[in-house]
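Residues per chain are reported as follows:
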Amino acid sequence: MTPKEVLALIRDKQVKAVDLRFVDFPGTSQHVTIPAANVDESIFEDGIGFDGSSIRGWQAINESDMLMIPQADSAFLDPFFKEATVVMIASIHDPITKVPYSRDPRHVAMKAVNYMISSGIADTAYFGPELEFFVFDDVRFDANARSAYYYLDSSEGIWNSGRDEGGHNLGNKVRHKEGYYPVPPTDTLQDLRTEMILNLIEAGIPVEAHHHEVATAGQCEIGMKFSPMIEMADKVMKYKYIVKNTARKYGKTVTFMPKPIFGDNGTGMHVHTSLWKGGANLFAGSGYAGLGEPGLYAIGGLLKHAPAICGFSNPTTNSYKRLVPGFEAPVNLAYSQRNRSASIRIPMYSKSPKAKRVEFRCPDPSSNPYFTFAAMLMAMIDGIKNKTKPGDPLDKDIYDLEPEELAKVPKAPGSLEEAINNLEKSHEFLLQGDVFTEDVIKTWIEFKRKKEIDALRLRPHPYEFHMYYDC
C-alpha cells in the first residue's frame with residue numbers, strides 16, 4: 001500500500017485506531033496506538049515521537065527522544081481488537097538528523113539487502129522460515145531468592161494419559177516424538193490451526209500448510225510461502241502475533257521457546273533461502289544436488305560463519321537445550337541433499353531451477369528475524385565473494401556415524417556463551433557495507449552476557465537440588 005491507500009482503507013473500513021509497531025533489540029514487538037482521526041499523510045514523513053531509553057538495548061536517558069515512522073506497505077487490519085484497527089510497522093529514526101537508527105533491527109536488515117544489491121551479486125534474497133511452536137493449556141513459572149520452578153500442561157500431553165478428567169479422559173494422547181502428522185482425535189488442534197491460517201491469510205500472509213509437529217503437548221507448525229527478506233522478517237513478527245492471539249482467544253497459550261519440554265523434540269526455525277538476479281535463481285546449476293557454484297559458495301559461507309551466526313539465530317540460553325550433540329538436533333556443520341541430520345540441507349522435492357534453495361536448520365524462533373536473516377545473507381555474500389568451498393557433502397545419517405568419523409564434523413556452539421564468544425572474535429563479515437556496526441555487535445554481546453548468560457549462571461537450578469542437596 002501507499003500512504004494514500006492506507007488512508008482510503010481507514011475510511012472504507014471505518015477504522016477507529018492505528019497501531020504502530022516496531023521490533024526491539026532482542027526481537028520483541030512493541031506498539032503504540034493513536035486515533036485514526038489523527039492520521040494523515042504527514043505522519044508518513046514526520047512520524048511520532050517516543051522514549052528510546054525505555055526500549056531494551058537502545059538509547060541512553062540523556063538522548064532518549066526517537067521517532068517512529070510508519071511504513072505504509074506493511075499495513076493490515078488487526079483481527080483481534082474490538083474496534084477496527086489498522087496495524088503498521090514503523091522504522092526508527094533520529095529526531096534531529098532524521099537518519100535511520102543504527103540499532104533498529106529492521107534497518108540492519110535493510111542495509112544487508114542494499115549491500116547485496118550494491119555488490120552486484122544478487123538483486124533479491126528470498127527467505128522461507130519454518131516456525132514451530134507449542135500450544136499449552138496452562139503455564140506457570142517463578143524465580144526468586146529462595147525458589148524457582150516452571151509448570152506446563154497440555155490436554156494432549158502423554159503425561160496426562162492416566163489423569164482423572166471427570167470421566168472424560170478420552171485417551172488419544174500424543175506419545176513423545178510421535179506427534180508428526182496424526183489425524184484427529186489424536187491431533188486436537190486442527191480447528192485452532194485452521195483459524196490461525198485464516199487470520200494469517202487475512203493479514204496478507206500466504207500459507208502453504210499447517211500440521212502437528214513431532215513433539216507431544218501441542219507442538220505445531222504453519223508453513224508460510226517464501227518472500228523477499230525484509231517482507232519475510234515482517235511476516236515472521238505478524239505470524240508470532242497472530243498465532244499467539246488466536247490461541248489466547250480459546251484460553252490457550254503459545255510459546256516459541258526452543259526447548260520447553262524435557263525429553264522431547266525442541267522447536268526450530270529451519271530457514272530456506274536463495275539468491276536471485278534478473279529473475280534467475282543463482283543457486284540453480286548442474287553441480288551437486290542441482291546447485292551451481294554460487295549456491296555452493298553460499299553454503300561455504302554459511303558453514304564458515306555458522307558459529308558466529310548462532311549468536312543471532314540461536315540467541316537464548318534455552319536455544320542450547322535444543323542444539324545438543326548426540327541427539328537429533330542440527331548441530332553438525334555439514335551439508336547434504338535430503339539429509340535432515342546435517343545443519344544445511346538441499347531440498348530435492350522439485351527439479352525446477354526456480355525451486356532450488358538451501359535450508360539452514362540451526363536457527364530457532366526465539367531469534368530476532370531481522371538480525372538472523374541479515375547475518376545469514378551477509379555470510380552467503382561473503383562466501384560467494386570469496387568463493388568459499390563448502391568441502392564434500394556428507395550424505396550419511398550423521399547421527400549414526402562412528403565416534404571417530406563424527407569427531408571430524410564441526411559442531412555448532414554448545415551454549416549461548418560459546419556462540420557469543422564466536423560472534424565477538426569473528427564478525428568482520430557482518431561489518432561489510434556498514435550493515436552490522438561495531439556498536440550493534442558490541443551492544444548485542446554486552447546485553448546477552450549481562451542480561452541472560454550471567455543471569456542464569458548466578459542462579460541455582462531446581463534440578464541441582466535433585467542432584468546435590470544430600471552432598
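Look up a bit, the structure's there.
Here goes a summary of the coordinates provided.

Parameters and conventions
Going along each chain's sequence as written, the residues are numbered from 1 onward. Side-chain atom pairs in this predicted model are given and counted only at pLDDT of 80 or more, local residue features only at pLDDT of at least 70, and totals for whole chains, interfaces and linings cover all residues. In computing side-chain values, all of the structure's heavy atoms are included and hydrogens and water are not. Per the convention used, a helix needs a DSSP run of H or I reaching at least four residues, while a strand needs a run of E reaching at least two, with both numbered from the N terminus. Our radius of gyration looks at C-alpha atoms and nothing else; its globule reference is 2.2 Å times the residue count to the power 0.38. Partly exposed residues are those whose accessible area sits between 20% and 50% of the maximum for their type, while under 20% is buried and over 50% is exposed, using a 1.4 Å probe and protein chains only. Contact definition: two residues touch when any of their heavy atoms are within 4.5 Å. Where accessible areas are quoted, they stem from the Shrake-Rupley method and a 1.4 Å probe; at the residue level, only the protein chains shown are allowed to cover. When charges are tallied, Lys and Arg are placed among the positive residues and Asp and Glu among the negative ones, while His and the ends of the chain are skipped. Throughout, a charge is located at the NZ atom of Lys, the CZ atom of Arg, the CG atom of Asp or the CD atom of Glu. Pairs of N or O atoms are called polar contacts if they sit within 3.5 Å, as long as, within protein, a hydrogen donor faces a hydrogen acceptor (for residues adjacent in sequence, only side-chain-to-side-chain pairs). Nonpolar side chains (Val, Leu, Ile, Met, Phe, Trp, Tyr) within 5 Å and like charges within 9 Å form the patches, drawn only from residues with over 30% relative accessible area and no salt bridge. A carboxyl oxygen of Asp or Glu within 4 Å of a side-chain nitrogen of Lys or Arg is what we treat as a salt bridge. A fitted line through C-alpha atoms serves as each axis, taken over the contacting stretch for helices, and the angle formed by two N-to-C directions is quoted from 0 to 180°. Here roughly perpendicular refers to angles of 65 to 115 degrees, roughly parallel to angles under 35, roughly antiparallel to angles over 145, and oblique to all remaining angles. We call a crossing left-handed when the near helix sits turned anticlockwise from the far one by less than a right angle, and right-handed when that turn is clockwise. Note on residue classes: Ala, Val, Leu, Ile, Met, Phe, Trp, Tyr, Cys and Pro are nonpolar, Asp, Glu, Lys and Arg are charged, and everything else, Gly too, is polar. Expected span of a helix, by definition, is 1.5 Å for each gap between consecutive residues, and there is one gap fewer than residues. For two strands to be treated as a pair, DSSP must find no fewer than two bridges joining them.

**Comments concerning the overall build of the chain**
Tallying secondary structure elements over the chain gives 13 helices and 18 strands in all. Taking 23 Å as the expected radius of gyration for a compact globule of 471 residues, we find that the chain reaches 23 Å, a close match to that expectation. Overall, the chain is about 60 × 60 × 50 Å in size when its C-alpha atoms are taken along their principal axes. Looking at the chain residue by residue over its 471 residues, the buried ones come to 53%. Looking at the chain alone, contacts between residues at least 24 apart form 68% of all its contacts between residues at least 6 apart. About 22,200 Å² of surface is accessible on the chain, with carbon and sulfur atoms providing 53% of the total. Looking at charge distribution, the chain has the averaged site of its 53 positive side-chain charges lying 2 Å from that of its 61 negative ones.

**What about the side chain of T124?**
Position of T124 relative to the elements: it lies in strand β7 (residues 124-136). Of the polar contacts made by the side chain of T124, one reaches the side chain of D123; its length is 3.1 Å. Setting aside anything within four residues of it in sequence, one finds T124 in contact with M116, S274, L275 and W276.

**Things to note about a nonpolar patch on the surface**
Residues V139, F141, Y150 and F262 make up a contiguous nonpolar surface patch of about 540 Å² in total accessible area. Examined against the element boundaries, F141 turns out to sit in strand β8 (residues 138-143).

**Let's talk about the packing of helix α6 (residues 293-313) against helix α8 (residues 369-385)**
Close contact between α6 and α8 brings their axes to 7 Å; oriented N to C, the two are set at 140°. Relative to α8, the element α6 lies oblique. Crossing of α6 against α8: the hand is right-handed. Contacts between α6 and α8 involve P294, Y297, A298, G301, L302, K304, H305, I309, F312 and S313 from the first element and F371, T372, A375, M376, A379, M380, D382, G383 and I384 from the second. Of the residues belonging to the contact of α6 with α8, the class tally is 12 nonpolar, five polar and two charged.

**Details of helix α4 (residues 190-202)**
With 13 residues, α4 extends 18 Å between its outermost C-alpha atoms, agreeing within 8% with the 18 Å of an ideal straight helix rising 1.5 Å per residue. All buried positions along α4 are accounted for by L192, R193, E195, M196, I197, N199 and L200. In this fold, the buried residues of α4 make contact with β7, β10 (207-212), β11 (219-224), α5 (229-249) and β13 (253-255). Phi turns positive one or two residues past the end of α4, at G204, with a value near 90°.

**Brief notes about the pattern of salt bridges**
Throughout the structure, instances matching the rule amount to 22 salt bridges. The closest approach of N and O atoms between R56 and D24, which form a salt bridge, is 2.9 Å. With R56 in the loop between β3 (48-51) and β4 (65-70) and D24 in the loop between β1 (17-23) and β2 (29-35), this residue pair connects regions lying 32 residues apart in the sequence. Take D24: its relative accessible area is 1%, and that puts it in the buried class. If you follow the salt bridges from partner to partner, you end up with D153, R163, E165 and K173 in one network.

**With respect to the pairing of β8**
Within a regular strand, side chains alternate between the sheet's two faces. Of the pairings in the sheet, the one linking β8 to strand β9 (residues 148-153) comprises six bridges and is antiparallel in character. Of the residues in β9, the one forming a bridge with R140 is Y151. The turn linking β8 back onto β9 is made up of four residues.

**Things to note about the environment of I197**
Assignment of secondary structure puts I197 in helix α4. Sequence separation of I197 and T246 is 49 residues, and the distance between their C-alpha atoms is 9.7 Å. In contact with I197, not counting residues within four places along its chain, are V207, H210 and I222.

**A word on unusual backbone geometry**
Of the consecutive residues P184 and P185, the connecting peptide bond is found in the cis state with omega at 10°. Relative to the elements of secondary structure, P185 occurs in the loop between β9 and α4. In this structure, Q14 takes a positive phi of about 50° despite not being glycine. On the secondary structure map, Q14 appears in the loop between α1 (3-12) and β1. The phi dihedral of A217 is positive, around 65°, even though this residue is not glycine. As for its position among the elements, A217 is in the loop between β10 and β11. With a relative accessible area of 0%, A217 lands in the buried category.

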